[in-house]
Amino acid sequence: MNIPKELKYSNDHEWVKFEGDTAIIGISDFAQDSLGDIVFINLPAEGDQVTAGEVFGDIESVKTVSDMSSPVSGTITAVNEELTDAPEKLNADPYGAWIIKVENVTEQSDLMDADAYEAFCKEA
Amino acid sequence: MSELKRTVLYNEHLAAGATMVDFGGWDMPIQYPAGIVAEHLFTRSACGLFDVSHMGRLLVEGPQRVAFLQYALTSNVEALTLNRAQYCMIPNERGGAVDDAYLYMFEEDRFLLVVNASNKDKDLKHLLPIAEKFDVTIRDISDEYAAIAVQGPLSRKLLEELNGGKELTEPKKNACGTVMLEGHEARLSTTGYTGEPIGYEVYMKNADAVWLWKRLGEMGAKPAGLGARDTLRLESCMPLYGHELGTDHDGKEIPIFAVPLAKFAVSFLDSKGDFVGKAPLQKQFETYTRIQAGDFSDISLIPRRVMPICLVDRGVIRGGMTVYKDGKEVGWITSGTMIPYYDFEEEFSTEKVARRSIGLAYLDTPVQRGDFVEVDVRGKRLRAVIPASHMNGRTPPYARPIVWKEEK
């Protein structure tokens with residue numbers, strides 16, 4: 001299980017990377033592994049508002065569908081449209097395949113550091 | 001909670017890193033590290049190995065075995081000759097399915113009936129009282145034999161190599177044979193649940209099956225789990241008991257003739273005589289024949305049919321989702337997901353992989369091939385179409401996907 005130290009994690013298995021004012025969001029290695037082959041993603045649009053803890057899209061594997069919840073509140077400034085045609089990138093490179101970038105972050109969910117998240121995954 | 005049952009290949013699955021799940025009381029591999037998509041595609045392009053040892057295997061013996069099976073199954077058992085197999089239903093008195101099954105004649109004096117794992121106990125409870133009226137015995141040999149499905153364009157070549165280069169069976173569907181694979185006795189048939197034009201199901205003694213699994217792995221075949229088994233059967237529109245056969249999600253019985261494969265499984269020949277559910281099935285068949293001719297005046301016996309369905313809009317259809325036509329509810333998806341395929345024109349090629357959301361649906365009978373419908377996908381109505389089928393499996397060595405394309 002790959003859990004990069006420099007990232008923060010939500011209890012919905014999203015990762016967040018804070019770069020200045022921007023929060024970059026994706027799904028964790030644990031999430032992609034539990035889902036299995038990811039075959040579809042429903043992305044939000046640039047300019048959409050997201051709210052911490054609320055659903056901003058969904059992601060589907062062959063076996064199941066899963067909501068993606070935003071770990072922060074703010075405005076979506078970029079969407080990784082590449083994933084629409086190649087959702088399998090989320091399996092191949094979960095920390096490279098970011099999903100959305102959010103700016104004007106006003107609030108965030110309780111996020112875990114890598115060690116806490118690793119312990120959290122072990123319990124799951 | 002009772003302990004999950006294990007097939008003889010259990011340790012092989014663990015060694016290969018499989019994700020194991022409870023499947024009808026069996027601890028079975030849902031997928032291996034390669035994943036469902038890769039396992040599905042590898043079966044279409046090369047050769048997938050499936051552990052199907054969990055399936056129920058019943059040996060039917062005795063002087064009245066033909067008469068018994070003619071009465072207890074829907075097919076014409078008399079037409080089954082040595083080294084042939086046939087698809088059949090185990091009908092109930094109402095013309096519904098207790099189970100679907102495959103009947104094999106590997107030996108002159110006995111039949112092998114292979115039933116769904118999760119239905120075996122129910123099937124036995126249904127069949128044994130019928131068998132009491134005949135001079136037959138039904139023996140459950142599931143624990144003595146293992147079964148491996150070897151499916152895909154390379155399957156024949158690999159198995160023939162193990163057979164000293166010799167032909168395994170007659171080169172047609174539903175053929176069977178008993179051969180020695182490098183000194184190990186194997187009974188095999190050109191059957192399967194993947195829709196592959198070339199594929200085998202191999203029955204062997206437990207110890208021999210472990211050998212075959214490893215040997216075929218060394219030769220380049222790759223294991224595929226229940227996940228890929230489901231996407232492969234769905235792409236070839238084969239019914240799965242509990243989804244397209246048995247009872248629907250309202251608890252109502254699905255008439256056998258509501259399922260497209262039924263016409264191959266049911267025989268009303270005079271020589272077959274009476275059988276369980278014959279009268280209601282005959283009525284269903286009359287209705288079915290009228291429907292096929294475009295007459296929908298009386299569809300009371302087959303109010304709904306199992307049809308292929310293909311999502312036109314972006315999204316994924318899944319079992320249980322409601323289907324609408326012209327704003328009116330017309331049924332629901334029985335099985336559905338996103339399924340990968342090789343996108344090629346004339347010549348088979350693995351260069352381009354695409355995917356589509358397809359499935360099977362149980363729809364009001366007036367809904368016809370070519371119709372557009374809508375599926376409620378998590379609160380959104382998405383457009384879908386009823387195609388003739390999803391795949392052509394009669395094009396050896398490679399199955400050809402039939403991809404629905406909107407006319408421009």
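Residues numbered from 1 in each chain as written. Chains lettered and ligands numbered in written order. Predicted model: local features only at pLDDT ≥ 70, side-chain atom pairs only at ≥ 80, totals over all residues. Heavy atoms only, no water.

Undergrad: What is the right way to look at the domain arrangement of chain B in this model?
TA: Frequently, the measure chosen for interface size is the accessible area removed from exposure when the parts meet. All names here are of chain B. Parsing chain B into structural domains produces domain 1 (10–52 + 144–234), domain 2 (56–141 + 237–302) and domain 3 (303–408). Relative placement of domain 2 and domain 3: their C-alpha centres are 28 Å apart. Between domain 2 and domain 3, the contact holds 19 residues from the first and 16 residues from the second. Carbon and sulfur atoms supply 65% of the area that domain 2 and domain 3 bury against each other, a total of about 1,400 Å² over both sides. The largest per-residue losses of area from domain 2 upon contact with domain 3 belong to Cys237, Glu244 and Phe296, which jointly make up 35% of the total buried on that side. Linking domain 2 with domain 3 are zero salt bridges, by the criterion used here. Residue classes in the side of domain 2 that touches domain 3 are distributed as twelve nonpolar, four polar and three charged. (Domains from an automatic or database assignment. Contact = heavy atoms within 4.5 Å. Buried area = accessible area lost by both parts, 1.4 Å probe. Salt bridge = Lys/Arg side-chain N within 4 Å of Asp/Glu carboxyl O. Nonpolar A, V, L, I, M, F, W, Y, C, P; charged D, E, K, R; others polar.)

Undergrad: What's the story with helix H7 (residues 226–235) of chain B in this structure? I'm lost.
TA: An α-helical turn contains 3.6 residues, so a residue and the one three or four places further along point in the same direction. Residue and element names in this part refer to chain B. Of all ten residues that make up H7, nine are buried, and the element is covered over most of its length. For H7, the set of buried residues is Leu226, Gly227, Ala228, Arg229, Thr231, Leu232, Arg233, Leu234 and Glu235. Downstream of H7 by a residue or two, Cys237 has a phi angle that is positive, lying close to 60°. (Buried < 20%, exposed > 50% of the residue type's maximum accessible area, 1.4 Å probe, protein only. Helix = DSSP H or I, 4+ residues; strand = E, 2+ residues; numbered from the N terminus.)

Undergrad: What am I meant to see in the state of the cysteines here?
TA: A covalent bond bridging the sulfur atoms of two cysteines is what the word disulfide describes. Residues and elements named next belong to chain B. A complete count under the given rule lists zero disulfides over all chains for this structure. Here Cys237 stays unpaired: no disulfide links it, and the sulfur of Cys310, its closest cysteine neighbor, is 10 Å away. Looking at Cys237, the relative accessible area reads 18%, which means it is buried. Residue classification places Cys310 among the buried residues on the basis of a relative accessible area of 6%. (Disulfide = S-S within 2.5 Å.)

Undergrad: Got a minute to help me understand the sheet that holds strand E6 (residues 97–107) of chain B in this structure?
TA: Within a sheet, neighbouring strands are paired by backbone hydrogen bonds and run either parallel or antiparallel to one another. Residues and elements named next belong to chain B. Sheet architecture is open: five strands sit in the order E5-E6-E7-E4-E8, paired in antiparallel fashion. Two strands in the sheet have a free side with no partner beyond their single neighbour: strand E5 (84–91) and strand E8 (137–140). Pairwise comparison of adjacent strand axes, ignoring direction, gives a mean angle of 30° for this sheet. As paired strands, E5 and E6 are joined by eight bridges and run antiparallel to one another. Across the sheet, the residue bridging to Pro91 is Ala97, located in E6. Along the sheet, helix H4 (residues 120–131) makes contact with strand E4 (56–61), E5, E6, strand E7 (110–115) and E8, crossing E8 at roughly 160°. (Pairing = 2+ DSSP bridges. Axes fitted to C-alpha atoms, helices over the stretch in contact; angles between N-to-C directions.)

Undergrad: Explain the pattern of salt bridges here, please?
TA: Side-chain pairs of opposite charge can arise whenever the charged atoms involved come near each other. Residue and element names in this part refer to chain B. All told, the structure shown has 32 salt bridges over all chains when counted by the stated rule. Residue Arg110 pairs with Asp109 through a salt bridge whose shortest N-O separation is 3.8 Å. Given a relative accessible area of 21%, Arg110 falls into the partly exposed group. The salt bridge involving Asp364 is made with Lys328; its shortest N-O contact spans 3.7 Å. Note that Asp364 is positioned in strand E17 (residues 353–364) and Lys328 in strand E16 (residues 328–342), a separation of 36 residues in sequence. Sharing partners across several salt bridges, the network here consists of Glu61, Glu107, Asp109, Arg110, Arg139 and Arg187.

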